[in-house]
Amino acid sequence: MADNSNEEYIATGDSGASKTYPIQAGSLKKGMHCVIKGRPCKIIEYSTSKTGKHGHAKAHIVAIDIFTNKKLEELCPTSHNMEAPNLTRAEYSLMDINDEGQLSLLTDDGDVREDLSMPKDDDVAKAIKNGWEAKKELILTVVGAMDEEAVHSVKEASK
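Residues numbered from 1 in each chain as written. Predicted model: local features only at pLDDT ≥ 70, side-chain atom pairs only at ≥ 80, totals over all residues. Heavy atoms only, no water.

Visitor: What's the story with the side chain of serine 104 in this structure? I'm lost.
Guide: Along the polypeptide, serine 104 turns up in strand 8 (residues 102-106). Ignoring sequence-local partners within four residues, the contact set of serine 104 consists of Ser93, Leu94, Met95, Asp96, Arg113 and Glu114. (Helix = DSSP H or I, 4+ residues; strand = E, 2+ residues; numbered from the N terminus. Contact = heavy atoms within 4.5 Å.)

Okay, structure coming up:
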């Protein structure tokens, strides 16, 4: 038997799930999500051009980054593959907002998350702040994609 005492095993914490999946550019539609310039985006405008002299119909995609709200565009042959982000959605109860805008959120398991800050979207941030000041019980929806997470919406908890 060989002596294995010098071997080193490195454990990784990755679940193995992919951050994106391939989707044909011709099958995308308005309202779907895709990756443009390495950013997860929601398609707000989609149009196709006819096949030209070189034989490929082109898809013109205008989308908004789901985290920064910046508008991005892509022109791609409809027969080619693009990437689409694997999105996650979770709802948390708002427990506290500190002076720097950091949120304390309660998970369904009873754990506390304190790694998210107020959203960049002014409307959502204003709704959270107004609801918190009015002492309402708020539920925040957190969307995650490609190793980023942000609060996307807020609603009042049903009693």
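Additional details are given in the paragraphs that follow.
Visitor: Mind showing me how you'd approach the pattern of salt bridges here?
Guide: It is possible for side chains bearing opposite charge to pair when their charged atoms get close. Per the counting criterion, the structure on display carries 7 salt bridges. Close ionic contact of glutamate 91 with lysine 155 constitutes a salt bridge, the shortest N to O distance being 3.1 Å. One end of the pair, glutamate 91, is in strand 7 (residues 88-97); the other, lysine 155, is in strand 11 (residues 148-156), and 64 residues separate them in sequence. Measuring nitrogen to oxygen at the nearest pair gives 2.5 Å for the salt bridge that ties glutamate 149 to arginine 113. You can see glutamate 149 sitting in strand 11 and its partner arginine 113 sitting in strand 9 (residues 112-117), a full 36 residues away along the chain. Each of the salt bridges in this network shares a partner with another, and the network as a whole consists of Arg39, Asp65 and Glu148. (Salt bridge = Lys/Arg side-chain N within 4 Å of Asp/Glu carboxyl O.)

Visitor: What's the story with the environment of serine 104 in this structure? I'm lost.
Guide: Given a relative accessible area of 11%, serine 104 falls into the buried group. Sequence-wise, serine 104 and serine 93 are 11 residues apart; in three dimensions their C-alpha atoms are separated by 8.6 Å. Within the structure, serine 104 has its side chain in polar contact with the side chain of glutamate 114 (distance 3.1 Å). (Buried < 20%, exposed > 50% of the residue type's maximum accessible area, 1.4 Å probe, protein only. Polar contact = N/O pair within 3.5 Å; in protein donor to acceptor, adjacent residues only side chain to side chain.)

Visitor: Would you mind showing me how to read the sheet that holds strand 8 here?
Guide: The pairing of strands in a sheet happens through backbone hydrogen bonds and is either parallel or antiparallel. Read across the open sheet, the 5 strands follow the order 9-8-7-10-11; overall the sheet is antiparallel. In this open sheet, the two edge strands, each paired with only one partner strand, are strand 9 and strand 11. Neighbour-to-neighbour, the strand axes of this sheet turn through a mean angle of 45°, independent of strand direction. The pairing of strand 7 with strand 8 spans 4 bridges and is classified as antiparallel. Residue pairing for strand 8: aspartate 96 is matched across the bridge by serine 104. (Pairing = 2+ DSSP bridges. Axes fitted to C-alpha atoms, helices over the stretch in contact; angles between N-to-C directions.)

Visitor: Whenever I open this one, the nonpolar core confuses me. Can you help?
Guide: The nonpolar side chains of a soluble globular protein tend to be buried with one another. With 14 residues, the main nonpolar core has Leu28, Cys34, Ile36, Cys41, Ile43, Ile61 and Met82 as its most contacted residues. Contributing elements (two or more residues each) for this core: strand 2 (33-36), strand 3 (39-48), strand 4 (58-65), strand 5 (71-77) and strand 6 (81-85). Tallying contributions element by element places strand 4 first for this core, with 3 residues. Residue contacts for isoleucine 43: discarding those within four places in its chain leaves Leu28, Lys29, Lys30, Gly31, Met32, Cys34, Ile61, Val62 and Ala63. One finds Leu94, Leu103, Leu138 and Leu140 within the second-largest nonpolar core, a separate group that totals 12 residues. (Core = buried A, V, L, I, M, F, W, Y, C linked by side-chain atoms within 4.5 Å.)

Visitor: Where do I start with unusual backbone geometry in this structure?
Guide: Note on backbone geometry: most residues besides glycine have negative phi, and most peptide bonds are trans. In this structure, asparagine 69 is a non-glycine residue whose phi angle is positive, near 60°. With relative accessibility at 44%, the residue asparagine 69 sits in the partly exposed group. Positive phi, close to 65°, is recorded for aspartate 147, a residue that is not glycine. When you line up the elements, aspartate 147 lands in the loop between strand 10 (138-145) and strand 11. You can call aspartate 147 exposed: its relative accessible area is 68%.

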